Amino acid sequence: MAEPQCPYFRKCGGCSAQHIDYSTQVQNKREVLAKAIKYDNIKTFTGKEYNYRNRMDLIFHKGGLGFRQKGKWDQVVDIEQCAIADDKLNKIITEIRTFFKDPDYFDLRKHTGTFRFAIIRTPQKDSSISFTLNANSSRIAEAVERIKMFAEKTNVKNILVTYVPHNSDVAISEDYFVVKGKDILKEVYLDKEFSYSVQGFFQNNHEMAEEMQRYCRSLLETYDTKEYHLLDLYGGVGAFGIINSDLFKTTTIVESFPGCIDAAKENIEANNEQNTKAIVLDAKQLRKLDLPQPLIVITDPPRRGMHQKTVQQLRVLKPDVIIYVSCNVKQLEKEITNFVYYDIKSAAMFDLFPQTNHSEAVVELRRKKAKEDPRN
């Protein structure tokens, strides 16, 4: 047992594992992965137990800012500081709470009011707040003026206003405008710089995400890849592909979200990766690409995993190596059975989310030799 560091533990809907000793949390996650993939030699990577997150989506409510109450979607627990957020982010929480006292908050049941979310991001050398407003409110103009006043006083570099309909529960939208700065943030992994949208996905634990990138590169370095081609599938803004492109003859980044591919193309240019290209394509349409051989694949799908059509095409392509990066061990357990012509060469668990039940896994799959693979 452990003493929770958060005064909102068991009230807030997050961080459900704070009462468990951290070493036990790590062991539990390792065992879950080992059982899921039927492979015992799991490497484990850990970092900070608290104060690691650089993104938080907070809800405006009568008391200020908070998170949903555990088990109650319409109730918000007021929070002054978050134990797993980094120090810079916690300072911004205090700043918002102090400035926006008694806001015209959005009522989760009545669907009235203006201020809905404050999405705060604090990458190493940057910062942003996206204020999400109810697009159907009659007090939007007043709210925007208050946000503009806040933007003049704060040291936060980038301020956005985002609009979402009153009958949806999303925090991000393509309907937004920039009040201050820009809508792009920058982060650095292994000396490579990456731009990404304030509204888009990017790992929220920098230390562990960079460690995972370092580890994946170390796996690739064990192969003679000079004549190989790399496919970075579900590539986002291109981190895996760009970081490892120098090891390969060519690299292809595939991602379905156009905004991410726009950023990936900028990142390719910024890092001078001349053998790398980024393509907008849903992974389930992978068969449309004429990919060169021999091939190595890094696949990093969302929580729902890979579409069955994607899996089928990977079986057709027969890459010599697949590095499967998973944020959902249960889905990984279902999908890894599709790769019966591969052996697990290595597996690792990265604890990007201490004090929760979530983690990231990296599984290295190597295609069996010809005599073991009846398709050859």
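Quantities reported herein were computed from a predicted structural model and do not represent experimental measurements. Throughout, a residue's number is its position along its own chain's written sequence, starting from 1. Only residues with pLDDT of at least 70 get local features here, since the model is predicted, and only at 80 or more are side-chain atom pairs given and counted; chain-wide, interface and lining totals rely on the full set of residues. Processing note: side-chain calculations cover all non-hydrogen atoms of the structure and skip hydrogens and water entirely.

**Focus: the packing of aromatic side chains**
To pair, rings of Phe, Tyr and Trp, with the six-membered ring standing in for Trp, must have centres within 6.5 Å; the planes then decide the type, stacked if under 30 degrees apart, edge-to-face if over 60, and tilted in the middle. On inspection of all chains with the given rule, the structure shows 17 aromatic pairs. A centroid spacing of 4.1 Å and a plane angle of 5 degrees characterise the contact between Tyr 196 and Phe 202, whose relative ring orientation is stacked. Of the two residues, Tyr 196 and Phe 202, neither departs from the other in class, the shared state being buried. Ring-pair connections join several aromatic residues into one group, and the members of that group are Phe 60, Phe 99, Phe 100, Phe 115, Phe 131 and Phe 150. A cation sits over an aromatic face here: Arg 116 above Phe 106, 3.9 Å from the ring centre. Summary of the burial criterion: residues with accessible area below 20% of their type's maximum are buried, those above 50% are exposed, and those between are partly exposed, where the area comes from a 1.4 Å probe applied to protein chains only. We call a charge positioned over a ring when the NZ of a Lys or the CZ of an Arg lies within 6 Å of the ring centre and within 35 degrees of the ring normal.

**Focus: unusual backbone geometry**
Geometrically, the link from Gln 293 to Pro 294 is a cis peptide bond, its omega value of -5 degrees lying close to zero. A positive phi is found at Lys 318, a non-glycine position, where the angle reads about 50 degrees. Secondary structure is summarised from DSSP: a helix means a run of H or I of at least four residues, a strand means a run of E of at least two, and numbering begins at the N terminus for each. Topologically, Lys 318 is positioned in the loop between α7 (308–317) and β15 (321–326).

**Digging into the pairing of strand β4 (residues 72–78)**
For two strands to be treated as a pair, DSSP must find no fewer than two bridges joining them. As paired elements, strand β3 (residues 64–69) and β4 share 4 bridges and run antiparallel to each other. The residue of β4 that forms the bridge with Phe 67 is Val 77.

**Describing the packing of helix α2 (residues 87–99) against helix α3 (residues 140–153)**
The geometry of α2 relative to α3 is characterised by a closest axis approach of 11 Å and an angle of 135 degrees between their N-to-C directions. When the axis of α2 is compared with that of α3, the two are oblique. By crossing handedness, the relation of α2 to α3 is classed as right-handed. Taking contact as the criterion, the partners of Glu 95, Ile 96 and Phe 99 in α2 are, on α3, Arg 146, Met 149, Phe 150 and Lys 153. Three residue categories are used. Nonpolar comprises Ala, Val, Leu, Ile, Met, Phe, Trp, Tyr, Cys and Pro, charged comprises Asp, Glu, Lys and Arg, and polar comprises the others, including Gly. Split by residue class, the contact of α2 with α3 holds 4 nonpolar, no polar and 3 charged. Interaxial angles span 0 to 180 degrees and are taken between N-to-C directions of axes, which are lines fitted to C-alpha atoms, for helices over the stretch in contact. Put simply, angles under 35 degrees are roughly parallel, angles over 145 are roughly antiparallel, angles from 65 to 115 are roughly perpendicular, and the rest are oblique. Each helix crossing is assigned a hand: it is left-handed if the near helix lies turned anticlockwise from the far helix by less than a right angle, otherwise right-handed if that turn is clockwise. Residues count as neighbours in contact if any of their non-hydrogen atoms are within 4.5 Å of one another.

**Notes on the nonpolar core**
By size, the foremost hydrophobic cluster in this structure holds 80 residues, and its most contacted members are Ile 96, Ile 129, Phe 131, Ile 323, Phe 350 and Val 362. The contact partners of Ile 129, leaving out residues within four places of it in the chain, are Ile 92, Ile 96, Ala 118, Ile 119, Phe 150, Val 156, Asn 158, Ile 159 and Leu 160. Throughout this description, the term nonpolar core refers to a set of buried Ala, Val, Leu, Ile, Met, Phe, Trp, Tyr and Cys residues connected via side-chain atoms within 4.5 Å.

**Brief notes about the sheet that holds β15**
Pairing within the open sheet is mixed, and its 8 strands lie in the order β1-β16-β17-β15-β14-β11-β12-β13. Edge positions in the open sheet fall to β1 (42–45) and β13 (276–280), since each of these has one partner strand only. Geometrically, the sheet is characterised by an average inter-axis angle of 15 degrees between neighbouring strands, direction not taken into account. Where strand β12 (residues 250–255) meets β13, 5 bridges bridge the pair, whose relative direction is parallel. Opposite Thr 251, over in β13, you have Thr 276 as the bridge partner. Contacts between helix α1 (residues 22–37) and the sheet are confined to β1, β16 (342–350) and β17 (360–367), with β16 contributing the most and set at about 165 degrees to the helix.

**Some remarks on α1**
Look at α1: 23 Å from first C-alpha to last across 16 residues, which is about the 22 Å you get at 1.5 Å a residue. Buried within α1 we find Tyr 22, Gln 25, Val 26, Lys 29, Leu 33, Ala 34, Ala 36 and Ile 37. The arc that holds every buried residue of α1, seen down its axis, measures 165 degrees, which confines them to one face. In this structure, the buried residues of α1 make contact with β1, α8 (329–335), β16 and β17. Phi turns positive, to about 55 degrees, at Lys 38, one or two residues after α1. A helix is expected to span 1.5 Å for every residue after the first. Comment: arc refers to directions from the helix axis out to C-beta atoms.

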